[in-house]
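An overview of the molecular structure
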Amino acid sequence: MSGHAPLEQTVTSSIAAISAEPHDYPFDPATLALVIIDMQRDFIEPGGFGAALGNDVSRLEPAVQPIARLLAAFREAGLTIVHTKECHRPDLEDCHPSKRTRAPGVQLRIGDHGPMGRILVHGEPGSDFIEPLQPRDGEIVITKPGKGAFYATKLQQKLSDRGITHLLLTGVTTEVCVQTTMREANDRGYECLLVEDATESYFPEFKAATLAMVRAQGAIVGWTANSSQVLAGLTAALSDRPTIRG
């Protein structure tokens, strides 16, 4: 199995910190996971669900390269990586009617046939990850029917099996699936940091509001930092390894 070496072979336990808001984020690399949420063609490329809702999908593009840099660093260090994708069974039994019919007047609904196959249906081209962020063997892939990555999935068990207690959250969209997952994780006891430039929204003001909300009141939901700060903290924690460049 390639792409993920066992932690005991690659990671020396050490407590370090990432410069973050509202204060430094302490972590141990051995218990840290990178979570990449819903970087799928259906949300990021023209012709998918995001575009069908009337959004400018190009607004999500700036998150791709920061995520790619983090992904490369985690792979180099042999740390835990999680990819999630929101999609449904072909029979749509796991798609509540309220979700499928909520928005009147949309061009395409979940399950309809679009330019990249059936919208948000597992196995269709549109549900796949964008090319720069394709998972590798050994990385956790979570198929989720809801906005949060813990709802109706085995994510918590997979994290527990690896001894993960700290999560770096990235992906799209900031105020919906990313924030929902972060709040779910917070309620389950995970210490979470949202990487500011590695997440995007179709609505910049929604992203800004989410960042402010999660780090308010002394990190009531979690911390925020940019990818350069994360990479600097990770490099310091793995100081016996080559420098990770952001």
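Residues numbered from 1 in each chain as written. Predicted model: local features only at pLDDT ≥ 70, side-chain atom pairs only at ≥ 80, totals over all residues. Heavy atoms only, no water.

Helix and strand content of the chain: nine helices and 10 strands. Relative to a compact globule of 246 residues, whose C-alpha radius of gyration would be 18 Å, the chain shows 17 Å and is just as compact. For the chain, the spread of C-alpha atoms along the principal axes amounts to about 55 × 40 × 30 Å. Looking at the 246 residues of the chain, the share that counts as buried comes to 52%. Taking as baseline every contact in the chain between residues at least 6 positions apart, the subset at least 24 positions apart corresponds to 73%. For the chain, the computed accessible surface area is about 10,700 Å², with 50% contributed by carbon and sulfur atoms. Positive and negative side-chain charges in the chain, numbering 23 and 30 respectively, have mean positions lying 3 Å apart. (Helix = DSSP H or I, 4+ residues; strand = E, 2+ residues; numbered from the N terminus. Rg over C-alpha atoms; globule rule 2.2 N^0.38 Å. Buried < 20%, exposed > 50% of the residue type's maximum accessible area, 1.4 Å probe, protein only. Contact = heavy atoms within 4.5 Å. Areas by Shrake-Rupley, 256 points an atom, 1.4 Å probe, with all protein chains shown as cover. Lys, Arg positive; Asp, Glu negative; His and termini not counted. Charge placed at Lys NZ, Arg CZ, Asp CG, Glu CD.)

The next thing to look at is the sheet that holds strand S8 (residues 166-172). Judged by pairing direction, the sheet is parallel, and its six strands sit side by side in the order S7-S4-S3-S8-S9-S10 without closing on themselves. Each having just a single partner strand, strand S7 (140-144) and strand S10 (223-225) make up the two edges of the open sheet. Sheet twist, expressed as the mean angle between neighbouring strand axes with direction ignored, is 25 degrees. Pairing analysis gives five bridges linking strand S3 (residues 32-37) to strand S4 (residues 80-86), with the strands arranged parallel. Considered in S4, the bridge of Ile-37 is made with Thr-84. Strands in contact with helix H4 (residues 64-77) are S3, S4, S8 and strand S9 (191-200); relative to S3, the strand with the most contacts, it is inclined by about 145 degrees. Strands S3, S4, S7, S8, S9 and S10 of the sheet are contacted by helix H7 (residues 174-187), whose axis makes an angle of about 170 degrees with S9. (Pairing = 2+ DSSP bridges. Axes fitted to C-alpha atoms, helices over the stretch in contact; angles between N-to-C directions.)

What follows deals with the packing of H7 against helix H8 (residues 204-219). For the pair H7 and H8, the least separation of the axes is 10 Å and the interaxial angle reads 15 degrees. On the basis of their axis angle, the class for H7 and H8 is roughly parallel. Considering only the axes of H7 and H8, their crossing is right-handed. Here Thr-174, Glu-175, Gln-179, Met-182 and Arg-183 of H7 lie close against H8, whose contacting residues are Phe-206, Lys-207, Thr-210, Met-213 and Val-214. Across the contact of H7 with H8, the residue classes tally to four nonpolar, three polar and three charged. (Parallel < 35°, antiparallel > 145°, perpendicular 65-115°, else oblique. Left-handed = near helix turned anticlockwise from the far one by under 90°. Nonpolar A, V, L, I, M, F, W, Y, C, P; charged D, E, K, R; others polar.)

Remark: the centre distance and the inter-plane angle together describe each pair of aromatic rings, the angle taken between the planes. Counting across every chain of the model gives four aromatic pairs. Geometrically, the ring pair formed by Phe-150 and Tyr-190 is tilted, given 5.8 Å between the ring centres and 35 degrees between the ring planes. Remark: Tyr-190 occurs in the loop between H7 and S9 and Phe-150 occurs in the loop between S7 and helix H6 (155-161); sequence separation between them is 40 residues. Summarising the burial analysis for this pair, Phe-150 and Tyr-190 share the class buried. The interplanar angle of 40 degrees and the centroid separation of 4.8 Å between the aromatic rings of Phe-203 and Phe-206 together place this pair among those described as tilted. With relative accessibility at 31%, the residue Phe-203 sits in the partly exposed group. For Phe-206, a relative accessible area of 39% gives the class partly exposed. An aromatic cluster of at least three residues, connected via ring pairs, comprises Tyr-25, Phe-27 and Trp-223. (Phe/Tyr/Trp six-rings, centres within 6.5 Å; stacked < 30°, edge-to-face > 60°.)

In this section: the pattern of salt bridges. Here the structure, examined in full by the defined rule, presents 10 salt bridges. Glu-45 is the partner of Arg-41 in a salt bridge, and the nearest nitrogen-oxygen pair spans 2.8 Å. Judged by its relative accessible area of 25%, Arg-41 falls in the partly exposed class. Here Glu-196 ties to Arg-215 by a salt bridge, and the two come within 3.4 Å at their closest N and O atoms. With Glu-196 in strand S9 and Arg-215 in helix H8, this pair connects stretches of sequence that are 19 residues apart. With a relative accessible area of 27%, Arg-215 lands in the partly exposed category. Several salt bridges share partner residues, and in doing so they unite Asp-38, Glu-86, Lys-99 and Lys-144 into one network. (Salt bridge = Lys/Arg side-chain N within 4 Å of Asp/Glu carboxyl O.)

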